[in-house]
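Overview (structure and organization)
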2 protein chains.
Amino acid sequence: MTTRFTDELRLKAGDQWNRIIHHRFTKELAAGTIDRQTVMKRYLIQDHRFLDSFSVLLASIIAHLPTLQDRIPGAQFLAVITGPENTYFERAFQALGISNQERHNTPDAAVTTKICALMRNVAMNGTLAEMLAVITVCEWSYLSWGQLVFHETKRDDFVTYEWVDLHSGDDFERVVEYFRLHLDREGAMLDEAGRIACENRFLEAVQLEEEFFEYAYGD
Amino acid sequence: MTTRFTDELRLKAGDQWNRIIHHRFTKELAAGTIDRQTVMKRYLIQDHRFLDSFSVLLASIIAHLPTLQDRIPGAQFLAVITGPENTYFERAFQALGISNQERHNTPDAAVTTKICALMRNVAMNGTLAEMLAVITVCEWSYLSWGQLVFHETKRDDFVTYEWVDLHSGDDFERVVEYFRLHLDREGAMLDEAGRIACENRFLEAVQLEEEFFEYAYGD
């Protein structure tokens with residue numbers, strides 16, 4: 001049995017992968033003990049800003065995948081994340097008493113700027129493997145912590161439990177498997193330089209995921 | 001009142017635009033008199049092959065539009081055209097007795113190769129304005145003939161009338177207006193070289209639309 005390329009990449013991230021998926025942010029989210037007015041507010045205002053760059057990255061992946069059959073699940077996922085049904089952020093902002101003014105007046109955090117730049121840069125200048133490396137980190141790390149905390153999640157406040165639900169379950173697992181599968185396939189066709197470039201993007205994305213959880217707890 | 005950039009482009013196409021939207025293919029389609037076993041069969045087998053290149057083009061446009069708000073209608077349209085509900089082709093192939101074998105054994109027509117190459121080339125190497133120029137021709141020319149024949153369309157065979165319905169009506173009008181609006185906006189920001197490049201793509205696409213209708217009637 002050969003090791004999957006994506007498993008190799010995750011192993012290269014070493015303990016940083018585990019620090020992300022066992023982060024206190026995800027534990028406190030599941031337990032419902034997270035400080036909503038500091039940690040959750042900081043996190044959500046910035047996280048919402050990734051949506052546009054994430055859409056650019058996903059659309060570029062759809063354009064670069066080899067066949068129509070490969071593009072279809074990506075296109076359906078893009079429609080979901082850009083769809084009017086994706087109201088979690090709006091409802092959470094309202095529940096936490098975050099005004100439009102407060103949202104718009106809050107400057108981008110340094111880590112937000114770096115994450116958006118990584119997504120857009122790889123979408124416009126990277127190979128398909130590099131694009132997939134970045135999006136796979138985003139979705140796979142979230143699925144991994146989502147699965148870990150799902151069964152212990154307290155269900156009294158949608159602001160916390162719905163964020164867990166959005167990152168666990170069969171549908172989201174299929175999305176992650178879709179990105180991993182294509183990254184495995186692309187990985188098998190890369191030469192040494194291509195593999196290194198792909199690995200660098202993967203590790204850069206892992207680094208930024210950890211920085212982002214840390215950011216939520218204060219600079 | 002200023003002239004819309006897209007109206008200027010259409011005027012540059014001159015009589016060729018009118019030849020497309022008044023083509024005998026569209027008249028015979030609406031009247032239901034089209035020869036299904038030669039013209040319609042030739043047309044549908046080849047037209048179905050554009051779907052993948054069209055998806056690449058649309059996904060690239062979504063990636064290059066300026067804001068998330070701009071991307072959303074494109075993302076929803078991409079999900080529709082790549083969605084499982086888009087069954088017209090499959091039902092039409094069945095109704096016309098076209099086997100999978102016949103479909104797959106029919107080589108790409110020269111015009112099909114040219115159309116797919118134009119869509120993919122502009123998606124990977126063109127400016128947003130050039131991408132929009134190509135997709136606008138595809139959708140706007142079809143809406144224009146669809147609107148012209150809609151009220152005289154005979155409704156006894158879905159193979160003919162459903163193809164008219166797919167290219168007329170409010171929803172499709174909104175799709176075309178969405179592409180035109182973005183092309184108008186991009187056009188306003190182009191320098192002379194950019195305008196010429198955009199115009200060339202537009203006229204190339206118009207040329208291929210006419211060639212494609214002509215192809216359906218035999219080489």
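Structure: see above.
These lines cover the structure that appears in this document, whether it is placed above or below. (Residues numbered from 1 in each chain as written. Chains lettered and ligands numbered in written order. Predicted model: local features only at pLDDT ≥ 70, side-chain atom pairs only at ≥ 80, totals over all residues. Heavy atoms only, no water.)

**Observations regarding the overall build of chain A**
A count of helices and strands for chain A gives 13 helices and 0 strands. Each helix and strand of chain A, placed in order from N terminus to C terminus, yields the pattern α-α-α-α-α-α-α-α-α-α-α-α-α. A compact globule built from 219 residues should have a C-alpha radius of gyration of about 17 Å, and chain A, at 17 Å, falls within 12% of that. In terms of overall dimensions, chain A has a C-alpha envelope of 50 × 30 × 30 Å along the principal axes. The burial tally for chain A puts 55% of its 219 residues in the buried class. Taking all contacts inside chain A whose residues are at least 6 apart in sequence as the whole, residues at least 24 apart take part in 81%. (Helix = DSSP H or I, 4+ residues; strand = E, 2+ residues; numbered from the N terminus. Rg over C-alpha atoms; globule rule 2.2 N^0.38 Å. Buried < 20%, exposed > 50% of the residue type's maximum accessible area, 1.4 Å probe, protein only. Contact = heavy atoms within 4.5 Å.)

**Here's the deal with the environment of Met40 of chain B**
All names here are of chain B. Along the chain, Met40 falls in helix 4 (residues 36-47). The spatial distance from the C-alpha of Met40 to the C-alpha of Thr113 is 19 Å, given a sequence separation of 73 residues. Excluding anything up to four places from it in sequence, Met40 contacts Phe25, Leu29, Ile34, Asp35, Tyr88, Leu96 and Val159.

**Details of the nonpolar core**
Membership of the largest hydrophobic core comes to 155 residues, with the highest contact counts inside it found for Phe25 and Leu44 of chain A together with Leu44 of chain B. Those residues in contact with Phe25 of chain A that sit more than four places away from it in its chain are Ile34, Val39, Met40, Tyr43, Phe213, Ala216 and Tyr217 of chain A. (Core = buried A, V, L, I, M, F, W, Y, C linked by side-chain atoms within 4.5 Å.)

**Overview of helix 10 (residues 128-149) of chain A**
Residues and elements named next belong to chain A. With 22 residues, helix 10 should cover 32 Å at 1.5 Å per step; its first-to-last C-alpha distance of 32 Å lies within 8% of that length. At Thr136, helix 10 is bent by approximately 25 degrees, the largest bend along its length. Summarising burial for helix 10: 20 of the 22 residues are buried, a large majority. (Expected span 1.5 Å × (residues − 1). Bend = angle between axes of the 7 residues up to and from the residue.)

**Describing the relation of the copies chain B and chain A**
In the superposition of chain B on chain A (RMSD 0.0 Å, axial shift 0.0 Å), the rotation amounts to 180 degrees. The transformation just described matches what one would write down for a two-fold rotation axis. The C-alpha atom lying nearest the rotation axis in chain B is that of Ala59 of chain B; the distance is 2.5 Å. Taken as a fraction of all interface residues of chain B, those also at the interface in chain A reach 100%, which identifies the copy contact as same-surface. (Least-squares fit on C-alpha atoms with pLDDT ≥ 70 in both.)

**Quick look at the side chain of Ser53 of chain A**
All names here are of chain A. As for its position among the elements, Ser53 is in helix 5 (residues 50-64). For Ser53, a relative accessible area of 2% corresponds to the buried category. A polar contact of 3.0 Å, which involves the side chain of Ser53, links it to the side chain of Arg120. Discounting chain neighbours no more than four positions away, the residues touching Ser53 are Cys116, Met119 and Arg120. (Polar contact = N/O pair within 3.5 Å; in protein donor to acceptor, adjacent residues only side chain to side chain.)

**A word on the pattern of salt bridges**
Throughout the structure, instances matching the rule amount to 43 salt bridges over all chains. Where Asp70 of chain A meets Arg185 of chain A, a salt bridge forms, and the shortest distance between an N and an O atom there is 4.0 Å. Taken together, the residues span a long stretch of sequence, with Asp70 of chain A in helix 6 (residues 68-81) and Arg185 of chain A in helix 12 (residues 170-188) at a distance of 115 residues. Using a relative accessible area of 44% as the deciding quantity, one classes Arg185 of chain A as partly exposed. Across the pair Arg201 of chain B and Glu130 of chain B runs a salt bridge, and its minimum N-O distance is 3.1 Å. Of this pair, Arg201 of chain B sits in helix 13 (residues 192-216) while Glu130 of chain B sits in helix 10 (residues 128-149), and the two are 71 residues apart along the sequence. Here the two residues Arg201 of chain B and Glu130 of chain B agree in accessibility, since each one is buried. A single salt-bridge network, built from bridges that share partners, covers Arg4, Glu177 and Asp184 of chain A. (Salt bridge = Lys/Arg side-chain N within 4 Å of Asp/Glu carboxyl O.)

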